[in-house]
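What follows is each chain in one-letter form.
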Amino acid sequence: MSKLNDLEIELESSTSDVDVPKINLMGLDRDAMEAYFASIGEKSFRASQVMKWIHQVGVSDFAEMTNLSKTLRLSLSENAEISVPDIISDNLSEDGTRKWLLKVPGKSAIEMVFIPEETRGTLCVSSQVGCTLNCSFCATGKQGYNRDLTTAEIIGQVWLAKHLLAEQYKTDNRIVSNVVMMGMGEPLMNFDNVVSAMKIMQDDFCFGLSKRRITLSTAGVVPKIDELKEACPVALAVSLHAPNDELRDVLVPLNRKYNISELLAACNRYVADSQRARITFEYVMLEGVNDELEHAHQLASLMKTVPGKVNLIPFNSFDGIDYKRSSNSRINRFRDILHNNGVIVTIRKTRGDDIEAACGQLAGDVMDRTRRAEKFRQSRAEKIQ
Ligand code: SAH
């Protein structure tokens, strides 16, 4: 055989061996799933069938999808997959809160948390590996940023939690009744993937959660708030944390781009055509920083301009951070001023802090692409010296 023939054979076999990555059906919302089946010459009702198998029944092996033809099952197993992040660790808090550390490609890890309460069970889901926003009091911010999560990695958290909690609670009843996009990352900075994942959460063939049971929390990416209203109008929470721009510029640096008045205008547009909808404004209580009497009065004035309620979050500390949690008496005083000025206000109960699962403590393991994590470590080391 001539050298040329050898080469041809080699080329042929190498092209046929080229690994075409399998498409992960976990991450396809209804439109994407229908488009996928159309692209392989199948009818659109296959989308409902397969979504039901994946998300309701919890099947990740095509062989088990008994209402699909054998040929289709075989071709799906050759070209597609159903995969979710691997679990690195699984911790149960004394108060029932459960936190998982999940491995994602890129040598990183993310966290998700389940918070059981008497009348509901809330899953707190991550949207990015790290975060770009660098809020001064947030552990995730200190870790820097690696990348956005894919839709499959976001909805994969809900999928995993649903099945792991069914084992823990020995029931298939709806244990995850609410989802909050309040884990690691800024969900509106990973808009498309987060919206697709929230559509899968709402789909009747998947998790069937109503839009009121899904809350997206944002530090205030103003143009995306308007887009969210069009694309997927779920409940909105806004991380306000300061009642004036001077202070908010420091605590939430994104404020330098979209200030409080622009943010509140976007909030008003978000709820404009709904009588009942309210925005939740999150306000972390930092001793001596944003918890003075004047701050409470300023916040009460702001709240007269937007249909909302305030959720005071006692600051959760983490290694290397200088802020302190406001004392209970200061938190109560702050709440009373708001309340006396007609603002609806609640204090968030701290859950799961024995396993570092409380708000703002989620840090995962981020292979930082910014220099932020390094800088934070350096500044801590300097302080210790
Ligand atoms: N990036 C989004 C989603 C994160 S949600 C956002 O900013 O809203 C996490 C919530 O916990 C936010 O309100 C965040 O500001 C708050 N948080 C962050 N660090 C915290 C801490 N150390 N203690 C208490 N709450 C914190």
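Residues numbered from 1 in each chain as written. Predicted model: local features only at pLDDT ≥ 70, side-chain atom pairs only at ≥ 80, totals over all residues. Heavy atoms only, no water.

Caption draft 1: Spotlight on the packing of aromatic side chains. All chains considered together, the criterion is met by five aromatic pairs. With a centroid separation of 5.4 Å and an interplanar angle of 65°, the aromatic rings of tyrosine 36 and phenylalanine 37 are classed as edge-to-face. The buried category is assigned to phenylalanine 37, whose relative accessible area is 0%. Taken together through their ring pairs, the aromatic side chains of Phe315, Phe318 and Tyr323 make up a single cluster. It is lysine 224 that lies over the ring of phenylalanine 191; its NZ or CZ is 5.1 Å from the centre. (Phe/Tyr/Trp six-rings, centres within 6.5 Å; stacked < 30°, edge-to-face > 60°. Buried < 20%, exposed > 50% of the residue type's maximum accessible area, 1.4 Å probe, protein only. Lys NZ or Arg CZ within 6 Å of the ring centre and 35° of its normal.)

Caption draft 2: Structural context of the site of the ligand. In the vicinity of the ligand lie 21 residues, with Phe137, Ser217, Ser239, His241 and Asn316 positioned nearest. Contact distances for the ligand include 3.1 Å between a nitrogen atom and a backbone N or O atom of glycine 185. Between the ligand and histidine 241, the relevant distance is 2.6 Å, taken from an oxygen atom to a side-chain nitrogen or oxygen of the residue. Relative to its unbound accessible surface of 540 Å², the ligand loses 95% to contact with the protein. Of the residues belonging to the shell around the ligand, the class tally is eleven nonpolar, eight polar and two charged. (Near = heavy atom within 4 Å. Polar contact = N/O pair within 3.5 Å; in protein donor to acceptor, adjacent residues only side chain to side chain. Areas by Shrake-Rupley, 256 points an atom, 1.4 Å probe, with all protein chains shown as cover. Nonpolar A, V, L, I, M, F, W, Y, C, P; charged D, E, K, R; others polar.)

Caption draft 3: Structural detail: the domain arrangement of the chain. If you check the domain split of the chain, you get domain 1 (20-81) and domain 2 (86-384). Centre-to-centre, using C-alpha coordinates, domain 1 lies 33 Å away from domain 2. At the junction of the two partners, domain 1 supplies 16 residues and domain 2 supplies 15 residues. Both faces combined, the contact of domain 1 with domain 2 buries some 1,200 Å², and carbon together with sulfur accounts for 60% of it. The tally of links from domain 1 across to domain 2 stands at one salt bridge. The residue arginine 30 makes a salt bridge to aspartate 203 at a minimum N-O spacing of 2.9 Å. For the side of domain 1 that touches domain 2, the per-class residue count stands at six nonpolar, seven polar and three charged. (Domains from an automatic or database assignment. Contact = heavy atoms within 4.5 Å. Buried area = accessible area lost by both parts, 1.4 Å probe. Salt bridge = Lys/Arg side-chain N within 4 Å of Asp/Glu carboxyl O.)

Caption draft 4: Structural detail: the pairing of strand 3 (residues 86-92). Relative to strand 4 (residues 98-104), strand 3 runs antiparallel, the two being bridged by six bridges. Residue serine 89 lies in a different strand from strand 4, and its bridge partner there is leucine 101. Hairpin connection between strand 3 and strand 4: a loop of five residues separates the two successive antiparallel strands, and glycine 96 in this loop has a positive phi of roughly 95°. (Pairing = 2+ DSSP bridges. Helix = DSSP H or I, 4+ residues; strand = E, 2+ residues; numbered from the N terminus.)

Caption draft 5: Summary view of the side chain of histidine 295. Considering the arrangement of structural elements, one finds histidine 295 in helix 11 (residues 293-303). Dropping the residues within four chain positions of it, histidine 295 is found in contact with Pro243, Asn244, Leu247, Tyr283, Val289, Asn290 and Phe334.

Caption draft 6: How the structure looks around the side chain of glutamate 186. On the secondary structure map, glutamate 186 appears in the loop between strand 9 (178-181) and helix 7 (191-202). We note that glutamate 186 is buried and unpaired, the nearest opposite charge coming from arginine 248 at a distance of 8.3 Å. A distance of 2.8 Å separates polar atoms of two side chains, one belonging to glutamate 186 and the other to threonine 218. (Lys, Arg positive; Asp, Glu negative; His and termini not counted.)

Caption draft 7: Structural detail: helix 4 (residues 70-79). The complete set of buried residues in helix 4 reads Leu72, Arg73 and Leu76. One side of helix 4 holds all its buried residues, which, seen down the axis, span an arc of 100°. Among the exposed residues of helix 4, those pointing more than 90 degrees away from its buried face are Lys70, Thr71, Leu74 and Glu78. Residues of helix 4 that are buried sit in contact with helix 2 (30-39), helix 3 (45-57) and strand 2 (80-81). (Arc of directions from axis to C-beta.)

Caption draft 8: Representation of the nonpolar core within the structure. Leu25, Phe137, Met198, Met201 and Leu228 are the most contacted members of the largest nonpolar core, which has 111 residues in total. Among the elements that line this core, the one with the most residues is helix 6 (residues 151-169), at nine residues. Counting only domains with at least three residues in this core, you end up with domain 1 (20-81) and domain 2 (86-384). If near-sequence neighbours (up to four positions away) are discounted, methionine 201 is found in contact with Ile155, Val158, Val179, Met181, Phe207, Gly208, Leu209 and Ile214. With six residues, the next largest nonpolar core counts Val113, Cys124, Val180 and Ile355 among its residues. (Core = buried A, V, L, I, M, F, W, Y, C linked by side-chain atoms within 4.5 Å.)

Caption draft 9: Structural detail: the pairing of strand 9. Of the two faces of strand 9, the one carrying Asn178 and Val180 and the one carrying Val179 and Met181 are both buried. Pairing between strand 6 (residues 121-124) and strand 9: three bridges, direction parallel. Considered in strand 9, the bridge of threonine 122 is made with asparagine 178. As paired strands, strand 9 and strand 10 (residues 214-218) are joined by three bridges and run parallel to one another. Bridge assignment links valine 180 to a residue of strand 10, and that residue is threonine 215. Note on the crossover from strand 9 through helix 7 to strand 10: the handedness is right-handed. (Right-handed = clockwise from strand over helix to strand, strands pointing away.)

Caption draft 10: Here's a closer look at the packing of helix 8 (residues 222-231) against helix 10 (residues 260-271). As a packed pair, helix 8 and helix 10 sit with axes 9 Å apart at the nearest point and diverge in direction by 5°. Our classification of the angle between helix 8 and helix 10 gives roughly parallel. Facing helix 8, whose interface residues are Val222, Ile225, Asp226, Leu228 and Lys229, helix 10 presents Glu262, Leu263, Ala266, Arg269 and Tyr270. For the contact of helix 8 with helix 10, the residue count by class is six nonpolar, no polar and four charged. (Axes fitted to C-alpha atoms, helices over the stretch in contact; angles between N-to-C directions. Parallel < 35°, antiparallel > 145°, perpendicular 65-115°, else oblique.)

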